[in-house]
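# Overview (structure and organization)
What follows is the residue order along each chain.
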Amino acid sequence: MKSRFSRFSHWTSDPQLLTLILFGIEGIFLQYNCSINGYGNNLYATNMGATDAQIGLIQLIPNLVAFAALLPLGILSDRLKSSKTMPLITLLVLAFAYFGLGTVPVLGENRMLYFFFFLAFTVGGIAIYNAQWQTFFGDVTPLRQRNQVYTFRNRFMFFVGIIAPVICGFLMGAKETTDEKLFILRLFFYLCGAATLLQALVIARIPGGKRTPEALEELASHRFSARDVITAIRDVAKSRQFLLFFLPVLFLHMSWHIDWSMWYIGQTQYCGMNEASLSIYNGVFNVGQLVAIGIMANINRRKSPDFTLLLGILGLISCPLTMMLVPLLPLAARPVSFIIINTIFNAPQCAVGLCVVQLLLKVAPERNRSLVVSLYTMVITLSNSLLPYLGVKLYTALGADITALYLFNTITLVLRCFAFLLLLWRYRIVKKEGLLVHAE
C-alpha cells in the first residue's frame, strides 16, 4: 500500500508527468463525446424523421454558431488571468447542452427545432473548446514535449473511440422500434453530459496556464479594439511561415469536409450499413487509428510533423475510392468490405490531427496567440459548416442517385489529390529552408 501511495505521490509531484496523465484522462472524456456525436447525431436525426437536407444541416448549424463565437471568446480568453478559464466555462455550457439534447425526442412536434438548437451548443461547443484547448495546451506543455503528450492523449482517445460506438450500436441494434432506438441514444447523450462535467474537473487539475503579472498588467493597460484583430491578421499575413502552413492546410480541410455528410448518406444508402454495422465500423476504424497513431508519432520524431501530414492526406485520398468501390460488390458483402478497406487504407488519417496542432502552435505568434488560434479555427469551422452542406447540395444537383455518388466522389478525389500536391510543395520548401518542426 505504501509503495502504491509513493508512486501516486511521484506522479502528482512531477508536473510534467501529471500533465501527461491528466491530458490522457481529459482525452478519454472528450473522445467519448466526439464518438457519440460522430456515430449518434445522424442516427438521432434519422430516427426523428430527418431528410437528406436536414442531415446536411447537422454540420452547418452548429459550426456557424461556433464561427460566430470563436472570435469574441478568443479575445476574452487573451484577457483572462489563466488560459484554463475559458475551456472550463465552455465545458460547463457543453454539459448543459448534452442534457438538453438527450431530452429532445420528448419535446413534441418542434423536436427537430430543439435538436438543432442543442446541437449548436454540443458540436459547436466542441469546436470552441478545441480552439481554447489548443491555446491552453501550448501554454502548459513545452514545444519539445507536445508530440509526446499529444500522442499519449490520442491513444486514450482512440481506445474510447473503439468501445463507445460499438456498445451504443449493439444496444440500438437489439431494439426494434424507433422510440426504443431513440431511448438508447438519449441515455448516451445524458452520459455525454456527465462525462463533460468530469472532463472539466480534470482540466481544472492540470498545472499551469496562469499568465504572468507582467502579461496581465500589459493586458489591463491595453483596451481591445478592432485594431487588435487587424493587427493579428497583419502579423500572420506578413509571416511567410504561417502562410506556408495556413493555405495548404485550409485546402486540405476543405477537401476533407466536403463529404462529411455525404459519407453517412453513402454508408447507409449505398453500402448497406445499419446501426450495428456503423457501430462496428466506428470501433474497428478506431482500432486502426490506435495502431497507426504510434507509427505516426514515431515518424514525427524521425522526420517531422510536416512530413507525417503528407501520410494523413494519403489516407483521406482512399476514402472516395472506397466509396466508389464498395457499391460494386454484392449487397451482403458491402458492410464488411467497407469496414476492412477503409480501416486499413485510411489508418494514416490520424496524422492530420496529430500534426496540424503541432504545426499551428509552432507558427502562431506569441502576441495574441489565442486570438490567432481563434481566427484560424474560425476559418476551419466555416469550412466545416458550409462544405458538408454544399456537398449534399452538389450530390442532389447531380441527381441524388448512384451516378451522382460516383461523380461526387470523383470530384472529391481530385480535390484531395490537389491538397496532397500543395502539402508536398510546402514540405519541400520548409525542408529546404530549415523550417521543419522538430518533435520529441
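Scroll up to find the structure.
Heads up: these notes are all about the structure in this document. Along every chain, residues carry numbers that run from 1 in the direction the sequence is written. Whole-chain, interface and lining totals are the exception, using all residues; otherwise, since this is a predicted model, local features are given only for residues with pLDDT of at least 70 and side-chain atom pairs are given and counted only at 80 or more. Hydrogen atoms and water are omitted, and side-chain values are computed over all heavy atoms in the structure.

### A short note on the pattern of salt bridges
Counted as salt bridges are all cases of a side-chain nitrogen of Lys or Arg within 4 Å of a carboxyl oxygen of Asp or Glu. On inspection of all chains with the given rule, the structure shows five salt bridges. Of the charged contacts in the structure, one is a salt bridge between D259 and R416, with a shortest N-O distance of 2.8 Å. Here the residue D259 occupies a position in the loop between α10 (240-257) and α11 (260-269), and R416 occupies one in helix α17 (residues 402-432), the gap between them amounting to 157 residues. Here the two residues D259 and R416 agree in accessibility, since each one is buried. What counts as a helix is a DSSP run of H or I of at least four residues, what counts as a strand is a run of E of at least two, and both are numbered from the N terminus. Think of it in three bands: with a 1.4 Å probe and only protein chains considered, a residue is buried below 20% of the maximum accessible area for its type, exposed above 50%, and partly exposed in between.

### Side note on the packing of aromatic side chains
The relative placement of two aromatic rings is captured by the distance of their centres and the angle of their planes. Between 30 and 60 degrees the pair is tilted, below 30 it is stacked and above 60 it is edge-to-face, where a pair is any two Phe, Tyr or Trp rings, Trp via its six-membered ring, whose centres lie within 6.5 Å. Taken as a whole and judged by the stated rule, the model has 21 aromatic pairs. With a centroid separation of 4.8 Å and an interplanar angle of 55°, the aromatic rings of Y44 and F189 are classed as tilted. With Y44 in helix α2 (residues 15-47) and F189 in helix α7 (residues 178-205), the pair connects residues that are 145 residues apart, well separated along the chain. By relative accessible area, which is 0% here, F189 ends up buried. Joined through ring pairs, the aromatic side chains of F23, W133, F136 and F137 make up one cluster. The aromatic ring of W133 is capped on one face by R153, whose charged end is 3.9 Å from the ring centroid. Between K303 and the ring centre of F307, over which it is positioned, the NZ or CZ distance is 4.8 Å. Sitting over a ring, as applied to charges here, requires NZ of Lys or CZ of Arg to be within 6 Å of the ring centre and within 35 degrees of the ring normal.

### Structural notes on α11
Burial within α11 is extensive, with seven of its ten residues counted as buried. Buried within α11 are the following residues: S261, M262, W263, Y264, I265, G266 and Q267.

### With respect to the nonpolar core
As used in this record, nonpolar core signifies buried Ala, Val, Leu, Ile, Met, Phe, Trp, Tyr and Cys residues forming a set joined through side-chain atoms within 4.5 Å. Core analysis: the largest hydrophobic core is formed by 126 residues, its most contacted members being Y44, F115, F245 and L309. Among the elements that make up this core, the one with the highest residue count is helix α5 (residues 111-140) (15 residues). Pairs of residues are marked as contacts when any of their non-hydrogen atoms sit within 4.5 Å. Apart from the residues lying within four places of it in its own chain, the contact partners of F115 are N41, Y44, A45, M48, I58, L101 and V104.

### Some thoughts on unusual backbone geometry
Phi is positive for A400, close to 55°, though the residue is something other than glycine. Assignment of secondary structure puts A400 in the loop between α16 (369-397) and α17.

### As for the environment of Y39
Looking at where Y39 falls in the secondary structure, it is placed in helix α2. The spatial distance from the C-alpha of Y39 to the C-alpha of D235 is 39 Å, given a sequence separation of 196 residues. Ignoring sequence-local partners within four residues, the contact set of Y39 consists of P165, C168, G169, M172, E275, L278, S279 and N282.

### Let's talk about the environment of T19
Assignment of secondary structure puts T19 in helix α2. For T19, a relative accessible area of 5% gives the class buried. Considered as a pair, T19 and P207 are 188 residues apart in the sequence and their alpha carbons are 6.7 Å apart.

These values are about where atoms sit, not about what they do.
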